[in-house]
Amino acid sequence: MKKLVLLLLCLFMAFSFTATAGAKTLKVGLAADPVSLDPQVQLSGGMLQLSHWVFDPLVRWTQDGDFEPRLAEKWERINEYRVRFYLRKGVKFHSGNTFTAKDVKWSFDRMKKSVDFKGLLEPFVGIGIIDDYTVDVVTTKPYALLLNMATYFFAMDSEFYTGTDENGQPKDACKKTTHTFANDNESGTGVFKIKSYEQGVKTVMKRFADYWDKDSKGNVDKFILNPIKANATRVAALLSGDVDVIDQVPPQDYKRLRSDSKTDLVTINGGRIITFQMNGNRVKAFKDARVRNAVVYAINNAGIVKKIMKGTVEVATQQSPPGYAGYKASLKPRYDLEKAKALMKEAGYADGFEITMMAPNNRYVNDAKIAEASAQMLAKIGIKVNLKTMPKAQYWDEFDAKAADMMMIGWHSDTEDSGNFSEFLVMCYDKATGFGQYNSGYCNPKVDELTIAAQSEIDLDKRADMLKEIEQILYDDAAFVPYHWQNHAYGAKKNFKIKPIINSMNFPYFGDLVIK
Amino acid sequence: MFAFIIRRVIQAILVMLVISLVGFSIKSNIGDPVRDLVGERVTPEERAQMAEKLGLNDPFFVQYTRFLKNALHGDLGTSFIYRKPALEVIFRHAPATIELVLGAALIIALFSFPLGVYSALYPRSLLSRFTMGFSTLGVSIPVFLTAIMFIYLFAVTLHILPSYGRGETIDLFGNGYWQTGLLTIDGLKHLLLPCVSLASIMMPLFIRLIRSEMMEVLETEYIKYAWAKGLSTRRIWLVHAFKNTLLPVVTVFGVQIGIMFAFTILTETVFQWQGMGFMFLDAIQRADISLLIAYLVVVASVFVVVNTVVDIMYSFINPTVRIAGTK
C-alpha cells in the first residue's frame, strides 16, 4: 500500500514538474480587447497593441523613447524628403510567405485608404521600392517625425490579403461595420499567431515558431487575452491568481497590489495630458488672459494629484511630458488662491460669474472626480460652476458641439512629439485643414505659425526651441488648465517580469515578456 | 374563442410596435455610434460621411419604416461593434444568461422551500429567527456588493473559486451558438459565485413568501379539521399544508424568473459574464443602437409571447375571462 502511494506521489510530482517546465502560458486581463484583427481598421490603443503582438512595424519605440529596428534593420536619410529603409531578410509571415519590400508598400497603400489612418499619413507621398529589401519613404515636405511615423508602418502579408473570400468580397477590404476577411483572419510577421478570436470574450495566441527575432528573451508560448471591464473584477482576478497580468489598475488599488506579497504594481508615465479648456467664444471673460490665468491659479492640480490620483502621476504645467522635445523644465505649477482672486479683480470680475462645465465619467482615470474637485476650487474665486458629467458615448457629441464653457479633454501625442498636442488642442480651429479639431476656442496666430514651422524643421535642436517657445506662450496665455499626465498602471504576478516590456505608448511587448 | 385569440395576437403586435417605437425614439439620446467605431483623430466630416452611409442621418420615419420592413424579413439590423446580424449576436449571448438564471433558480428552489417551511412551522426557533434576520439583510444589500464580497472572500482570500468569466465551455451543438459551462468542472465552478449572487436578491423574497403563505394555510379550517381527524403531523404538514402553499408560490416563481433576466445586468457586469445583460450594457456604453433596439424587441417579444400564451391558456381554464374578453 505504502509503495503504491509512493509511486503515485512520484508520478504526480513528475507530471506537475513537466507541466511547469513545459509551455509557458500568459493570461492577461485587459479593460478592453481588440475590436478586430485588421490592424488598419481602427486607430486605437487596443488595435495598436494587437498590431505589436501579431504584426511588426518597421521600427518601434523603446521604453526610453528611442527607436528600435524591427522589420527595418537600418535606415538613412537620403535627402530632406526621403529616408531609405533597409529591410530584414529571412522574415516569414504566419501564412509561410516571405516578407519583402512589396508587403511594406502594399500595407502602406492600404493604410492610406483607411479612414482612421489617412489623416496621420497626410505628410507622405508614398513608398518606393528600390529592390526586394530596400524601400524609400517619401514625404511631401521636409518632415522631422518620419521615424516616429514609421512605428505605425506594420507589414501585412500582401499575398494572403489578395483575392476574394468565400463571399466574393475582396480580401483586402477595410470596413468597420460589416464582415470582412481581414477583420477575422490575419497573417503578420509578429511573434504571436492568432489561434482563436472571439470578440469581447477571449483571444488565444500562440508563439509563432518561425519568428525572426531569435534574440528575444521572451518565453511566452501561449498568450490568452481576456477582456475584464469592471475595475474591481480585474483587480480581483489578479489577486485571486486567475490572470497573471492586468492593465488600468485604478489608483485606489495601487496600495493593495503593492502590499500583496504575490503581486507587483508597475506604472509608467503615459504622456496623456489631462486638461480643461476654457471657451472664450461662449464666455466673454475667458477671452481675457487674466481671467484664464486666474482659473489656472485657482485650481490646485497638485492637490488633485495627491488626493484623487494618489500621488502616482506627475503634476503638469504644460502639454509636453518630460522627455518630449518641447518640454520646458522651467515652467512651474501654479496654485495661488490670493493671486487668482487678485487677477479676477484686476480683470473686473471681482464678483465672479457663472459658467457651465462638462466632463466624461468613463474616459479618463477619475475624470468625474477631477471635474467635481475643480468646480469646488473655482467656487472659491467666485466662479459658480454648473457641472455635468456623462459617459463618453454622449460626451464626444457634446464636445464637438462645444456645449459647455469649460470642457475636459485628455490627449496623448500620436507621434510621441510635442507638435501633435498643439495641432489638435490649441491651434485655431480650421475646418479645411482639421487643425484645432479638439480646441474649444483658444486662438493665437503666433502658436499656429510656430507649430506649422516646427513640422518641417529637420534641425532637431532648432525645432525643440520652437516647441518650447510654444509651451511658454501657452503657459503665459493660460490657454488651458493643465492637471497631470495620466500614467499606465499594470499589475502582475511577481514572476512575470513586466517592467522591461512596457512603455509610454502603452504597447506592452508581451513577445519579450520573461516568465521566471 | 377564435376571436379572443385573434384579439390577443393583434394586441401583442401593437405592444411590439410601441416598444420598437420607444426604442427608436430614445436612440438619439444614447450617443453617436460612429464615435466608437473611429479613432479620435478622424475628422468630423469623415464621421458625418460614415453616419450618412449607415443611414443614421435619415429622418426618423424613414429609418423606422426601413427597420420595420427589414424586421418583417426577420432582420433586426446589424450590430456595429460585432459586425454581425443583431439577432445572431443576441442568440449567441443568450445561453450564458439562461444558464446563469437557471442555476440561480435552482439555488433559490433548493434553499427557500425548506427554509421557508421550517420557519413557518417553528417560528420561534433559533434557525427561523436567523433565517428571517438574514433574509432582511439579503433584501437590503444590492447585488453588486454581494458579488464583490463573494469575489473577495472566495476568490481573492480563500482561492477556492474563480473570480470572473465562464471558464472552460463546450460547444453544445457544434455550431458555436450554445457554449455551455454546465458540462465541465471548471465551467460549473465559474457558475457558482454568479448564481449565488443572483439568487441572493430573490431568495429572501421567496423564503418570506413561503413562510407567510404556509402560516396562513396552517390557520385554515381544513387544517384544523385534519388535526381533529387525527392525521399524522407529517401528512398534515407535507400533503395538506405544503401543497396548498405551493400554488401561489409557483405562480410568482414563474413570473420572477422572467424578471430575474433583468437583474443579470449587474451580476454579469461584476463577473464579466458574457451574457445578454453584459451585452446590453456594452451596447449602451458604446452606443450600438441597432443591437440595443434588437435586444429591446427580442426581450419584449419574449414577455409578450409568454403573457399571451398564459392568457390564452387561462381562458381555457377559467371561462369567465373569455366571457369578459368577448363582451
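Residues numbered from 1 in each chain as written. Chains lettered and ligands numbered in written order. Predicted model: local features only at pLDDT ≥ 70, side-chain atom pairs only at ≥ 80, totals over all residues.

(A) Geometry of the overall build of chain A. Secondary structure assignment for chain A yields 15 helices and 19 strands. For chain A, the spread of C-alpha atoms along the principal axes amounts to about 90 × 70 × 45 Å. Per-residue burial over chain A gives 47% buried out of 516 residues. For chain A, the share of sequence-separated contacts (at least 6 apart) that also reach a separation of at least 24 residues comes to 68%. (Helix = DSSP H or I, 4+ residues; strand = E, 2+ residues; numbered from the N terminus. Buried ≥ 20, exposed ≤ 12 C-beta atoms within 10 Å, placed from the backbone. Contact = placed C-beta atoms within 7 Å.)

(B) Main features of the overall build of chain B. Along its length, chain B carries 13 helices and two strands. Along the first, second and third principal axes, the C-alpha atoms of chain B reach 85 × 65 × 40 Å. A total of 327 residues make up chain B; the buried ones form 34% of that total. Restricting the contact set of chain B to residue pairs at least 6 apart, pairs at least 24 apart contribute 71%.

(C) Inspection of the confidence of the model for chain B at higher detail. Per-residue pLDDT for chain B averages 85, and the proportion of residues at 70 or more is 95%. Mean pLDDT across the elements of chain B ranges from a minimum in helix H13 (residues 319-326) of chain B, with 55, to a maximum in helix H5 (residues 86-121) of chain B, with 92. (pLDDT = per-residue confidence, 0-100.)

(D) Representation of the sheet that holds strand E4 (residues 72-79) of chain A in the model. Residues and elements named next belong to chain A. The strand order E4-E5-E7-E6 describes an open sheet built from four strands, whose pairing is antiparallel. Edge strands, defined here as strands with exactly one partner in the open sheet, are E4 and strand E6 (124-131). When strand polarity is set aside, the average angle formed by the axes of neighbouring strands in this sheet is 20°. Alignment of E4 against strand E5 (residues 82-87), held across six bridges, turns out to be antiparallel. Its bridge partner being in E5, Glu-76 is matched across the sheet by Arg-84. In the packing of helix H3 (residues 101-113) onto the sheet, the strands contacted are E5, E6 and strand E7 (134-139), and the crossing angle to E6 comes to about 165°. (Pairing = 2+ DSSP bridges. Axes fitted to C-alpha atoms, helices over the stretch in contact; angles between N-to-C directions.)

(E) Representation of the nonpolar core in the model. Counting residues in each nonpolar core, the largest one holds 140 residues, and the members touching the most others are Val-245, Tyr-490 and Ile-498 of chain A together with Ala-294 of chain B. In terms of residue count, helix H8 (residues 185-218) of chain B provides more of this core than any other element does, 14 residues in total. Mapping this core onto the domain boundaries places at least three of its residues in each of domain 1 (23-34 + 161-268 + 488-515) and domain 2 (56-150) of chain A. Judged by nonpolar contacts, the second largest core, of 63 residues, contains Ile-273, Tyr-297, Ile-299 and Phe-399 of chain A. (Core = buried A, V, L, I, M, F, W, Y, C linked by C-beta atoms within 7 Å. Domains from an automatic or database assignment.)

(F) Fine view of the interface of chain A and chain B. Taken together, the contact between chain A and chain B spans 37 residues of the former and 37 residues of the latter. Its residues assigned to classes, the side of chain A that touches chain B shows 14 nonpolar, 16 polar and seven charged. (Nonpolar A, V, L, I, M, F, W, Y, C, P; charged D, E, K, R; others polar.)

(G) Layout of the domain arrangement of chain A. Residues and elements named next belong to chain A. Structurally, chain A comprises domain 1 (23-34 + 161-268 + 488-515), domain 2 (56-150) and domain 3 (272-487). Here domain 2 and domain 3 have C-alpha centroids that lie 34 Å from each other. With 12 residues of domain 2 at the contact, the number on the domain 3 side is 11 residues. Its residues placed into classes, the side of domain 2 that touches domain 3 shows seven nonpolar, three polar and two charged.

(H) Region of the structure containing unusual backbone geometry. Although it is not a glycine, Gln-248 of chain A adopts a positive phi angle of roughly 45°. Mapped onto the elements, Gln-248 of chain A comes out in the loop between strand E11 (245-246) and helix H7 (254-259). For Arg-83 of chain B, which is not a glycine, the phi torsion comes out positive at approximately 55°. Structurally, Arg-83 of chain B is set in the loop between helix H4 (60-72) and H5. For Arg-83 of chain B, a count of 20 C-beta atoms within 10 Å puts it in the buried group.

(I) Structural view of the environment of Asp-75 of chain B. Residues and elements named next belong to chain B. Among the secondary structure elements, Asp-75 is positioned in the loop between H4 and H5. Classification of Asp-75 by C-beta neighbours within 10 Å gives partly exposed; the count is 14. Separated by 10 residues in sequence, Asp-75 and Pro-85 have C-alpha atoms that sit 7.4 Å apart.

(J) Expanded view of the packing of helix H7 (residues 143-157) of chain B against H8 of chain B. All names here are of chain B. At a closest axis distance of 9 Å, the pairing of H7 and H8 adopts a crossing angle of 145°. Crossing geometry of H7 relative to H8 is assigned as right-handed. Packed against H7, whose contacting residues are Val-143, Thr-146, Ala-147, Phe-150, Ile-151 and Phe-154, the element H8 presents Leu-193, Val-196, Ser-197, Leu-198, Ser-200 and Ile-201 at the interface. Of the residues in the contact of H7 with H8, the class split is nine nonpolar, three polar and no charged. (Left-handed = near helix turned anticlockwise from the far one by under 90°.)

(K) Representation of helix H8 (residues 289-298) of chain A in the model. Residues and elements named next belong to chain A. Along H8, eight of the 10 residues are buried, which leaves the element largely enclosed by surrounding structure. Within H8, burial applies to Val-291, Arg-292, Asn-293, Ala-294, Val-295, Val-296, Tyr-297 and Ala-298. Contact partners of the buried residues in H8: strand E12 (263-278), helix H10 (337-346), helix H11 (367-379) and strand E17 (480-493).

(L) Structural view of the packing of helix H13 (residues 418-426) of chain A against helix H14 (residues 445-455) of chain A. Residue and element names in this part refer to chain A. Their axes nearest at 10 Å, the elements H13 and H14 cross at an angle of 140°. By the angle between their directions, the pair H13 and H14 is classed as oblique. H13 and H14 meet at a crossing whose hand is left-handed. Residues Gly-419, Ser-422, Glu-423 and Val-426 of H13 touch H14, and the partners they reach there are Val-447, Thr-451, Ala-454 and Gln-455. Residue composition of the contact of H13 with H14, grouped by class: three nonpolar, four polar and one charged. (Parallel < 35°, antiparallel > 145°, perpendicular 65-115°, else oblique.)

(M) Representation of the pairing of E7 of chain A. Residues and elements named next belong to chain A. Every second residue of E7 is oriented toward a common face, the buried set being Val-135, Val-137 and Thr-139 and the non-buried set Thr-134, Asp-136 and Val-138. The pairing of E6 with E7 spans six bridges and is classified as antiparallel. If you follow Phe-124 over to E7, its bridge partner there is Thr-139. Joining the antiparallel neighbours E6 and E7 is a turn of two residues.

(N) Fine view of helix H6 (residues 231-239) of chain A. Residue and element names in this part refer to chain A. With seven of its nine residues buried, H6 lies for the most part within the structure. Taken together, the buried positions of H6 are occupied by Thr-233, Arg-234, Val-235, Ala-236, Ala-237, Leu-238 and Leu-239. Gly-241 lies just past H6 and shows a positive phi near 85°.

(O) Representation of the environment of Gln-40 of chain A within the structure. All names here are of chain A. Structurally, Gln-40 is set in the loop between strand E1 (25-30) and helix H2 (45-54). In the structure, Gln-40 is positioned 130 residues away from Pro-170 in sequence and 16 Å away in space, judged by C-alpha atoms. If near-sequence neighbours (up to four positions away) are discounted, Gln-40 is found in contact with Arg-110, Met-111, Ser-114, Phe-117 and Cys-174.

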